[in-house]
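# Coordinate inspection notes
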Amino acid sequence: YQRAKEAAKAIMDLGQYELDPDYNNLFTVAGQGSKEIIAAFQRDENLYDNWMIGTMYNNADGGWSSMVPTQNLVDAYEMSNGLTKEEAGSGYDATHPYANRDPRMAMTVLFPGMDWEGGILNTLDATIDGSKNPNNPDKTGLTWGKYLLDKSQYADMWATNASVIIFRYAEVLLSYAEAENELNGPSAEIYGMLDQVRNRVGMPAVDRGKYATQAKLRELIRRERSSELAGEG
């Protein structure tokens, strides 16, 4: 943990990287030059294209739907008020399970009922108007959203220049927070690191009273890593 903390601190001290104010921008062609990205797998649609993007889109969009998120990932996202969906007062409504959640959820997962490509995404019904639903209802009903949300950015989804992120600055902050918590937590410094990542997407600051022990803060840090980095390999 000491080595991890020192490595993260060395990156921060470079002053070369920062959180992108727009989380979704990181996963677009336009955002490939973001100062948050430390390392990415560079691609070129003409010389060395990324055809994996096509495998991730739904059949109805011309893809294969080969890799999909699962419900336990969606369940892990907090509500927009910072409470987990199981906590009293969270506002969670099982009839509208995707409403009022951590904004990163809708920027990570395409879910049934969301606006998608000029209509409402339906990945649940086996048939639509008597025909088989092409949106893969036999899988999880969910699709990855990172790199896919702006479909118009790709002239050909099977030959893209999507440069997948390997390492970015948010992970540096989370790694520092995790290591420091194991060494000395909790502390104001750790809360500050987590707040930077959470506040960037409009999530509230960490509840210092609720996450006042090392064990409780460890639980939050691990959930935060999942919410922030889901689907990034």
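Look up: the structure comes first, before these words.
Thresholds, definitions, all that
- Residues numbered from 1 in each chain as written.
- Predicted model: local features only at pLDDT ≥ 70, side-chain atom pairs only at ≥ 80, totals over all residues.
- Heavy atoms only, no water.
- Axes fitted to C-alpha atoms, helices over the stretch in contact; angles between N-to-C directions.
- Helix = DSSP H or I, 4+ residues; strand = E, 2+ residues; numbered from the N terminus.
- Parallel < 35°, antiparallel > 145°, perpendicular 65-115°, else oblique.
- Left-handed = near helix turned anticlockwise from the far one by under 90°.
- Contact = heavy atoms within 4.5 Å.
- 1 Å grid on protein atoms, 1.4 Å probe; cavity = no way out; pocket = protein on both sides within 12 Å on 5 of 7 lines; lining within 4 Å.
- Points joined across faces, edges and corners; volume = space filled by probe spheres on them.
- Nonpolar A, V, L, I, M, F, W, Y, C, P; charged D, E, K, R; others polar.
- Buried < 20%, exposed > 50% of the residue type's maximum accessible area, 1.4 Å probe, protein only.
- Polar contact = N/O pair within 3.5 Å; in protein donor to acceptor, adjacent residues only side chain to side chain.
- Phe/Tyr/Trp six-rings, centres within 6.5 Å; stacked < 30°, edge-to-face > 60°.
- Lys NZ or Arg CZ within 6 Å of the ring centre and 35° of its normal.
- Salt bridge = Lys/Arg side-chain N within 4 Å of Asp/Glu carboxyl O.
- Expected span 1.5 Å × (residues − 1).

## Side note on the packing of helix α6 (residues 188–200) against helix α7 (residues 214–229)
Look at α6 against α7: their axes get within 11 Å of each other, and the N-to-C directions meet at 30°. If you check the angle between α6 and α7, you find them roughly parallel. In terms of crossing hand, the pair formed by α6 and α7 is left-handed. Of the residues in α7, those in contact with Ile190, Tyr191, Leu194, Val197, Arg198 and Arg200 of α6 are Leu217, Leu220, Ile221, Glu224 and Glu228.

## Describing the layout of surface pockets
Quantified by volume, the largest pocket comes out at close to 270 Å³. For the largest pocket, the lining is made up of 14 residues, of which Met52, Met56, Met67, Val164 and Gly231 are closest to its centre. With three residues, helix α2 (residues 52–56) is the largest single contributor of residues to the lining of the largest pocket. Of the residues in the lining of the largest pocket, the class split is eight nonpolar, three polar and three charged.

## Section: the packing of helix α5 (residues 169–184) against α6
Their axes nearest at 9 Å, the elements α5 and α6 cross at an angle of 150°. Relative to α6, the element α5 lies roughly antiparallel. As α5 packs across α6, the resulting crossing turns out to be left-handed. Seen from α5, the contacting residues are Ala170, Leu173, Leu174, Tyr176, Ala177, Glu180 and Asn181; seen from α6, they are Glu189, Ile190, Met193, Leu194, Gln196, Val197 and Arg200. Classifying every residue of the contact of α5 with α6 by side-chain character gives nine nonpolar, two polar and three charged.

## Quick word on empty space enclosed by the protein
As enumerated under the stated definition, the model contains one cavity of 30 Å³ or more in all. For the largest cavity, the full set of lining residues is Leu26, Phe27, Thr28, Val29, Gln32, Tyr147, Ala162 and Ser163. Grouping the constituent residues of the lining of the largest cavity by class yields five nonpolar, three polar and no charged.

## Section: the side chain of Thr108
Locating Thr108 in the fold gives a position in the loop between α4 (103–106) and β2 (109–110). Accessibility expressed as a relative area gives 0% for Thr108, which makes it buried. Of the polar contacts made by the side chain of Thr108, one reaches the backbone oxygen of Arg104; its length is 2.7 Å. When near neighbours in sequence (up to four residues on either side) are disregarded, Thr108 contacts Tyr23, Tyr77, Thr143, Trp144, Gly145, Lys146 and Ala230.

## Some points on the packing of aromatic side chains
Summed over the entire model, instances satisfying the criterion amount to five aromatic pairs. On the basis of an interplanar angle of 80° and a centroid distance of 5.4 Å, the ring pair of Phe27 and Tyr147 is categorised as edge-to-face. Of this pair, Phe27 sits in the loop between α1 (2–13) and β1 (37–41) while Tyr147 sits in the loop between β7 (143–144) and β8 (164–168), and the two are 120 residues apart along the sequence. For the cation-ring pair, Arg43 lies above Tyr48, with the distance from its terminal atom to the ring centre recorded as 4.4 Å. Looking at Lys85, its charged tip hangs above the ring of Tyr92, at a distance of 4.8 Å from the centre.

## Some thoughts on the pattern of salt bridges
Where side chains of opposite charge bring their charged atoms close, a pairing between them can arise. Within this structure, the stated rule accounts for 23 salt bridges. Across the pair Arg104 and Asp102 runs a salt bridge, and its minimum N-O distance is 2.7 Å. Both residues of the pair, Arg104 and Asp102, belong to the buried class. For Glu228, the salt bridge is made with Arg104, and the minimal N-O distance between the two is 2.8 Å. Taken together, the residues Glu228 in helix α7 and Arg104 in helix α4 connect sequence positions 124 residues apart. For Arg104, a relative accessible area of 0% puts it in the buried group.

## Quick notes on α7
When the terminal C-alpha atoms of α7 are compared, their 22 Å separation across 16 residues agrees well with the 22 Å that a helix rising 1.5 Å per residue should span. Along its buried surface, α7 packs onto α3 (71–76), α4, β8, α5 and α6. Gly231, located one to two residues past α7, shows a positive phi value of around 80°.

## Focus: α5
Across its 16 residues, α5 extends 22 Å between first and last C-alpha, which sits within 8% of the 22 Å expected from 1.5 Å per residue. What α5 keeps buried is the set Tyr169, Ala170, Val172, Leu173, Leu174, Tyr176, Ala177, Ala179, Glu180, Asn181 and Glu182. Summarising the contacts, the buried residues of α5 are in contact with α1, β1, β8, α6 and α7.

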